[in-house]
Amino acid sequence: MLSYRLEPEHEELRKTVEEFARDEVAPVIGDLYERGEFPYDIVGRMGRMGLFGLPVAERYGGMGGDYFALCLALEELGRVDSSVAITLEAAVSLGIMPIYRYGTEAQKHQWLPGLCSGQTLGAFGLTEPGGGSDVAGAMRTRARLEDGSWVIDGTKSFITNSGTSITAVVAVAAVTGTRDDGKPEISTILVPAGTPGFTVSRKYSKVGWSASDTRELSFDGCRVPEENLLGERGRGYAQFLRTLDEGRIAIAALATGLAQGCVDESVRYVRDRNAFGGPIGRFQALQFKIADMEVRAHNARLAWYHAAARMLAGEPFKKEAAIAKLTGSDAAMDNARDATQIFGGYGFMNEFPVGRFYRDAKILEIGEGTSEVQRILIARELGLEA
């Protein structure tokens, strides 16, 4: 039976991360964000807390928990800052999980202990400059087998955690041939950082997520051993579809956190801000606005809880993940807009968290599948595909 009451261990984790975000992230992240500086110290602390290894078995250096635990942590981090939250989300759902799900035992033992400890980071090279949502059809990165090695040529864009000083490996999706039906055969290949022919560009200048690492990657005759193939040859497309479905639940949790953070900040502000003879929280117009914000955050949480429950039960969850991602990103964007309005001129100042929330919210409607793609997926699951 589906229940939204947290088990004791999950509630303990939630409270621990809530305190960490409030006491250790909140006081320092604003300065890091404005300088566009990656939060290495925070990442190290999250690693020592075991957050990167939450859904991974202990034999590979993980905590032996589940994906729901990861999403709980992401929501609590997202209530305070999205740069830190997306660093954890991408490191686990895109960096660790493909290796954990599809890697050989040798690959798991080589990469997972460092990734789960937070001492190293992994990334997933999927999106390309001219591709957008047409990931498979527009993929131009190629990999060919030559004398026992994969030789990779191509470019990837918008890749999170790909250029930090602790980035260890990138899983690269590439066309490795042609299927019997004439469509491209896509496979995933592990490329260690520092491999000759693998070039990491400068960090993007971004509207939001300014304290996270996002870069373009180039591969020019990049050669790695044949055994760096991740999973079966030609199964890369199916692998990244599963990876993205899971990742959408994680992004939905992060978005829920941002939406709830907007409520938290707004409630504090209207209690303390005085105008027209008293605290502005006494005005019904603001009370109604904040009530609507709380409803959005609540609904977003229920949506990702439901999707995560189906995933962990081994039930189909593609539609539910899309619903959660769409609901969460809409809630984050709407709440960020309303919170900024409530704060007035102060909401437009970067020193206040809601200004950062507003800058961070928009990408949630784009990354890991746009809102339009989520609607396509939902309609398709309802049998409405043309």
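Residue numbers here run from 1 along each chain, matching the order of that chain's written sequence. Local features are withheld for residues below a pLDDT of 70 in this predicted model, meaning they are given only at 70 or higher, and side-chain atom pairs are given and counted only at 80 or more; totals for whole chains, interfaces and linings count all residues. Excluded from the side-chain calculations are hydrogens and water; all other atoms, namely the structure's heavy atoms, are used.

S.K.: I tried to follow the nonpolar core on my own but got confused; where do I start?
M.R.: Generally speaking, a soluble globular protein has its nonpolar side chains buried in company with each other. The set of buried Ala, Val, Leu, Ile, Met, Phe, Trp, Tyr and Cys residues whose side-chain atoms join them within 4.5 Å is what this entry labels a nonpolar core. Note on exposure labels: buried denotes an accessible area under 20% of the residue type's maximum, exposed denotes more than 50%, and partly exposed covers the range between, all computed with a 1.4 Å probe on protein chains only. Residues Met 46, Leu 88 and Trp 304 are the most contacted members of the largest nonpolar core, which totals 97 residues. Secondary structure is summarised from DSSP: a helix means a run of H or I of at least four residues, a strand means a run of E of at least two, and numbering begins at the N terminus for each. Take this core: its biggest share by element is 14 residues, from helix α6 (residues 236-272). Contacts are assigned to residue pairs with any non-hydrogen atoms lying within 4.5 Å of each other. Here Met 46 is in contact with Phe 20, Leu 51, Phe 52, Leu 77, Val 84 and Leu 88, once residues within four sequence places are set aside. One finds Ile 159, Val 170, Val 172 and Leu 217 within the second-largest nonpolar core, a separate group that totals 16 residues.

S.K.: Explain the pattern of salt bridges to me, please; I cannot follow it from the model alone.
M.R.: Opposite charge on two side chains permits them to pair, given that their charged atoms come into close proximity. By definition here, a salt bridge exists when the distance from a side-chain nitrogen of Lys or Arg to a carboxyl oxygen of Asp or Glu is within 4 Å. Tallying each qualifying case throughout the model produces 31 salt bridges. The salt bridge involving Glu 365 is made with Lys 362; its shortest N-O contact spans 2.7 Å. One network of salt bridges, with partners in common, ties together Glu 11, Arg 14, Glu 18, Glu 76, Arg 79 and Asp 264.

S.K.: Help me understand the packing of helix α1 (residues 8-35) against helix α3 (residues 67-78) in this model?
M.R.: For any two helices packed against each other, the geometry is given by the interaxial angle and the distance between the axes. Where α1 meets α3, the closest approach of the two axes is 8 Å, and the angle between their N-to-C directions is 30 degrees. The orientation of α1 with respect to α3, classified from their angle, is roughly parallel. Between α1 and α3 lies a crossing of right-handed hand. For the pair α1 and α3, contact is made by His 10, Leu 13, Arg 14, Val 17, Glu 18, Phe 20 and Ala 21 and by Phe 68, Ala 69, Leu 72, Ala 73, Glu 76 and Leu 77, respectively. Classification convention: Asp, Glu, Lys, Arg as charged; Ala, Val, Leu, Ile, Met, Phe, Trp, Tyr, Cys, Pro as nonpolar; all other residues, Gly among them, as polar. Its residues assigned to classes, the contact of α1 with α3 comprises nine nonpolar, one polar and three charged. Every axis in this analysis is a line fitted to C-alpha atoms, fitted for helices over the stretch in contact. Angles between the N-to-C directions lie between 0 and 180 degrees. Just so you know how the angles are binned, under 35 degrees is roughly parallel, over 145 roughly antiparallel, 65 to 115 roughly perpendicular, and the rest oblique. By the definition used in this description, the sense in which the near helix is turned from the far one sets the handedness, with an anticlockwise turn below a right angle giving left-handed and a clockwise turn giving right-handed.

S.K.: So what exactly am I meant to see when it comes to the environment of Arg 271 here?
M.R.: Position of Arg 271 relative to the elements: it lies in helix α6. Judged by relative accessible area, Arg 271 falls into the exposed class, the value being 63%. Once the C-alpha coordinates of Arg 271 and Tyr 33 are considered, the two residues, 238 residues apart in sequence, prove to be 27 Å apart.

S.K.: Please clarify how the packing of aromatic side chains should be interpreted in this entry.
M.R.: In this description, a pair of aromatic rings is defined by centroid distance and the angle of the planes. Ring pairs shown here join Phe, Tyr and Trp side chains whose ring centres sit within 6.5 Å, with only the six-membered ring taken for Trp; geometry is labelled stacked below 30 degrees between planes, edge-to-face above 60, and tilted in between. In the structure shown here, the tally under the stated rule is twelve aromatic pairs. Between the aromatic rings of Tyr 60 and Tyr 100, the centroid separation amounts to 6.0 Å while the plane-to-plane angle is 75 degrees, which identifies the pairing as edge-to-face. Residue Tyr 60 is found in the loop between α2 (40-49) and α3, and its partner Tyr 100 is found in helix α4 (residues 82-102); the two are separated by 40 residues along the sequence. Seen in terms of ring centroids, Phe 343 and Phe 352 are 5.9 Å apart; in terms of plane orientation they differ by 70 degrees. Their pairing is edge-to-face.

S.K.: Whenever I open this one, the pairing of strand β5 (residues 184-192) confuses me. Can you help?
M.R.: Sheet faces and side chains relate simply in a regular strand, where the side chains alternate between the two faces. A large share of β5 lies buried, amounting to seven of its nine residues. Only strands that DSSP links by at least two bridges are regarded as paired with each other. In sequence, strand β4 (residues 167-178) turns back onto β5 through a hairpin of five residues, with Gly 182 there showing a positive phi of about 90 degrees. In the sheet, β5 pairs with strand β8 (residues 229-230) via two bridges, with the strands oriented antiparallel. The residue of β8 that forms the bridge with Ile 189 is Leu 229.

S.K.: Would you mind going over the environment of Leu 13 with me for this structure?
M.R.: Examined against the element boundaries, Leu 13 turns out to sit in helix α1. Given the relative accessible area of 16%, Leu 13 is considered buried. Apart from residues lying up to four places away in sequence, Leu 13 is in contact with Leu 51, Leu 54 and Ala 69.

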